Amino acid sequence: MFSIILIALIILLITTIVMFLASILSKKAFIDREKSSPFECGFDPKSSSRLPFSLRFFLITIIFLIFDVEIALILPMIIILKFSNIMIWSITAILFILILLIGLYHEWNQGMLNWSN
């Protein structure tokens, strides 16, 4: 048991050293202004390529991801219904959906779902 842990630690140490050395040796020594500027079909850029990003889109994306993952967790519960105790399954499903509804109410109460303001 001890030898397996020792071998795993040695492999971890070796890979860490190799990754550290690879990151140091692969860096370029100079920064070229032309290569780091945005490319617009060979013309000089007319404006900054860094446009301000609306925080609303980011929040809606995060909300979508959270609810999307939760739906992916709810779908297998239908298949498990045949193999599990109905009381435990019901409590788990109701608790899970209740947490989803509380999260949705919180987002709605905070005004994250309103596009008007």
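For the protein, an unreviewed UniProt entry supplies the name NADH-ubiquinone oxidoreductase chain 3 and the organism Drosophila ananassae. In its Catalytic activity (unreviewed entry) section, the UniProt entry covering the protein states "a ubiquinone + NADH + 5 H(+)(in) = a ubiquinol + NAD(+) + 4 H(+)(out)". What UniProt records for the protein under Function (unreviewed entry) is the sentence "Core subunit of the mitochondrial membrane respiratory chain NADH dehydrogenase (Complex I) which catalyzes electron transfer from NADH through the respiratory chain, using ubiquinone as an electron acceptor. Essential for the catalytic activity of complex I."

## Some thoughts on the overall build of the protein
In terms of regular secondary structure, the protein is built from 4 helices and 0 strands. Of the regular secondary structure in the protein, the N- to C-terminal order runs α-α-α-α. When burial is assessed residue by residue, the protein has 5% of its 117 residues classed as buried. Summarising the internal contacts of the protein: among those between residues at least 6 apart in sequence, 60% fall at separations of at least 24. For the protein, the exposed surface amounts to about 11,000 Å²; the carbon and sulfur share of it is 75%.

## Some remarks on helix 4 (residues 86–109)
Compared with the 34 Å implied by 1.5 Å per residue over 24 residues, the 34 Å span of helix 4 between its first and last C-alpha is a close match. Of the residues trailing helix 4, glycine 111 is marked for its positive phi of about 85°.

## A closer look at the UniProt feature "transmembrane region" (unreviewed entry) in the protein
Under the local residue numbering, the UniProt record ascribes the feature "transmembrane region" (unreviewed entry) to residues 6–25, 57–80 and 86–105. From the first C-alpha to the last, residues 6–25 spans 29 Å; its make-up is 100% helix and 0% strand. Helix and strand shares over residues 86–105 are 100% and 0% respectively, and the end C-alpha atoms of the span are 28 Å apart.

## Description of a nonpolar patch on the surface
Residues Phe53, Leu55, Phe57, Phe58, Ile62, Phe64, Leu65 and Ile66 make up a contiguous nonpolar surface patch of about 840 Å² in total accessible area. With respect to the helices, strands and loops of the structure, isoleucine 66 is situated in helix 3 (residues 55–80). Taking the relative accessible area as the measure of exposure, isoleucine 66 reaches 43% and is therefore partly exposed.

What counts, and at which threshold
- Residues numbered from 1 in each chain as written.
- Predicted model: local features only at pLDDT ≥ 70, side-chain atom pairs only at ≥ 80, totals over all residues.
- Heavy atoms only, no water.
- UniProt positions renumbered as here; feature names shortened; annotations may be inferred.
- Helix = DSSP H or I, 4+ residues; strand = E, 2+ residues; numbered from the N terminus.
- Buried < 20%, exposed > 50% of the residue type's maximum accessible area, 1.4 Å probe, protein only.
- Contact = heavy atoms within 4.5 Å.
- Areas by Shrake-Rupley, 256 points an atom, 1.4 Å probe, with all protein chains shown as cover.
- Expected span 1.5 Å × (residues − 1).
- Patch = residues over 30% accessible without salt bridge, like charges linked within 9 Å, V, L, I, M, F, W, Y side chains within 5 Å.
- Salt bridge = Lys/Arg side-chain N within 4 Å of Asp/Glu carboxyl O.

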